[in-house]
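Chains, contacts and geometry: an overview
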Amino acid sequence: MSIYFVSGIDTGIGKTIAVGMMARYLVHKGVNAITVKLVQTGNDGFSEDLDRHRELMGTGKLAVDEAGLTAPAIFHFPSSPHLAAKLEHRELDLGKIESSIAELDKQFDVVLVEGAGGLAVPLTEDLLTIDFAAEHNYPLILVTCGRLGSLNHTIMSIEMASRRDMKIAGVVYNWCPEADPLIEEDSKRMILKYLHRYYQPEVLVELPEVKEPLPEPDFGAIFDGAVPKR
């Protein structure tokens, strides 16, 4: 599969950093990879999440960014997409999003689609983020961390995806400054246990603190088959 859907288990979990680091990993492995922001809210005319991706990838803005393919839906108000669109008296153009992703899929080997918030975030009044991803059969990458409360959200996300017959390509376990080491270790164990319980690949990649010099985590287990053997 060349298109992966990346969701955080909650807002502020480090999803954007994780997407940028995964794209960086792929590019450094010789994979022609790109990132997409499914819906950007809280911005005007640009996507701060995409800017962060490109910073981590070391590419700067790309031609597909300038063409608007990588951020096909941008809204001013920082909320879930259904409310942000309503406040601007606009409808979320799902067709434009789908055509943008399809065009990028033609140009790139791997497309990482970053969602907005968690899986149950409404894109419209009647469509949740997870339902959009499931309808397109995108493998899911979950981003979580060890802060208190995250295990609950992670297990719920695994169950939601599994009940929709989605494949979870892997879980990125993000660095969290306030995490208790005891909770962190137990959370990793429990996440693997529930991946196994729902017949999902038991893939968990730890992402350390992202600061200069940037770390080089190995995301190979998530992108099995997408990275050329050397």
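Use the structure listed above.
Please read all numbers here as calculations on a predicted model, not as lab measurements.

So, how was this worked out
Residues numbered from 1 in each chain as written. Predicted model: local features only at pLDDT ≥ 70, side-chain atom pairs only at ≥ 80, totals over all residues. Heavy atoms only, no water. Helix = DSSP H or I, 4+ residues; strand = E, 2+ residues; numbered from the N terminus. Buried < 20%, exposed > 50% of the residue type's maximum accessible area, 1.4 Å probe, protein only. Contact = heavy atoms within 4.5 Å. Axes fitted to C-alpha atoms, helices over the stretch in contact; angles between N-to-C directions. Parallel < 35°, antiparallel > 145°, perpendicular 65-115°, else oblique. Left-handed = near helix turned anticlockwise from the far one by under 90°. Nonpolar A, V, L, I, M, F, W, Y, C, P; charged D, E, K, R; others polar. Phe/Tyr/Trp six-rings, centres within 6.5 Å; stacked < 30°, edge-to-face > 60°. Lys NZ or Arg CZ within 6 Å of the ring centre and 35° of its normal. Polar contact = N/O pair within 3.5 Å; in protein donor to acceptor, adjacent residues only side chain to side chain. Pairing = 2+ DSSP bridges. Expected span 1.5 Å × (residues − 1). Arc of directions from axis to C-beta.

1. Some details on unusual backbone geometry
Glycine aside, residues mostly have negative phi angles, and peptide bonds mostly take the trans form. The residue after E212, namely P213, is reached through a cis peptide bond having omega -10°. Looking at where P213 falls in the secondary structure, it is placed in the segment after β8 (204-207). In this structure, Y199 is a non-glycine residue whose phi angle is positive, near 60°. As for its placement among the helices and strands, Y199 is situated in the loop between α8 (181-197) and β8. Judged by its relative accessible area of 78%, Y199 falls in the exposed class.

2. Structural notes on the side chain of S79
The topology assignment puts S79 in the loop between β4 (74-75) and α4 (81-87). If near-sequence neighbours (up to four positions away) are discounted, S79 is found in contact with T41 and A84.

3. Details of the packing of helix α7 (residues 150-163) against α8
Following both chains from N to C, one finds α7 and α8 inclined at 15°, their axes separated by 10 Å at the closest point. Considered as vectors, α7 and α8 are oriented roughly parallel to each other. Remark: the crossing between α7 and α8 carries right-handed chirality. Residues L151, T154, I155 and I158 of α7 lie in contact with α8, whose contacting residues are S187, M190, I191, Y194 and L195. Across the contact of α7 with α8, the residue classes break down as seven nonpolar, two polar and no charged.

4. Looking at the packing of aromatic side chains
The way to describe two aromatic rings as a pair is by their centre distance and the angle between their planes. For the coordinates displayed, the defined rule picks out three aromatic pairs. Ring geometry for Y25 versus F219: centroids 5.8 Å apart, planes at 75°, classification edge-to-face. Linking Y25 in helix α1 (residues 15-28) with F219 in the segment after β8, this pair joins segments that are 194 residues apart in sequence. Grouping residues by exposure puts Y25 and F219 together as buried. Sitting over the ring of Y194, R197 keeps its end group 4.6 Å from the ring centre.

5. Quick notes on the environment of E185
Mapping E185 onto the fold places it in helix α8. Measuring from C-alpha to C-alpha, the distance between E185 and G146 comes to 8.1 Å, with 39 residues separating the pair along the chain.

6. Here's the deal with the side chain of T16
Counting through the fold element by element, T16 comes out in helix α1. For T16, the side chain forms a polar contact with the side chain of D49, separated by 3.4 Å. Setting aside residues no more than four positions away along its own chain, T16 makes contact with D49, R52, H53 and E114.

7. Looking at the sheet that holds β8
The parallel open sheet is built from six strands, whose spatial order is β2-β5-β1-β6-β7-β8. The sheet is open, and its two borders are formed by β2 (33-37) and β8, each paired with just one other strand. On average, each strand axis in the sheet is inclined to that of its neighbour by 25°, with strand direction left out of account. Sheet topology places strand β7 (residues 168-174) next to β8; four bridges connect them, and they run parallel. Residue pairing in the sheet places N174 in a bridge with L207 of β8. Contacts between helix α2 (residues 48-57) and the sheet are confined to β2 and β5 (110-114), with β2 contributing the most and set at about 160° to the helix.

8. Quick look at helix α5 (residues 94-107)
An ideal rise of 1.5 Å per residue puts 20 Å on 14 residues; α5 measures up with 20 Å between its terminal C-alpha atoms. Among all positions in α5, only I97, S100, I101 and L104 are buried. Relative to the axis of α5, the buried residues are bounded by an arc of 95° and lie together on one face. If you follow the buried residues of α5, they end up packed against β1 (3-8), β2, α3 (63-66), β5 and α6 (129-135). Its side-chain oxygen 3.2 Å from the backbone nitrogen of G95, D93 forms the N-cap of α5.

Geometric values such as these leave the question of function open.
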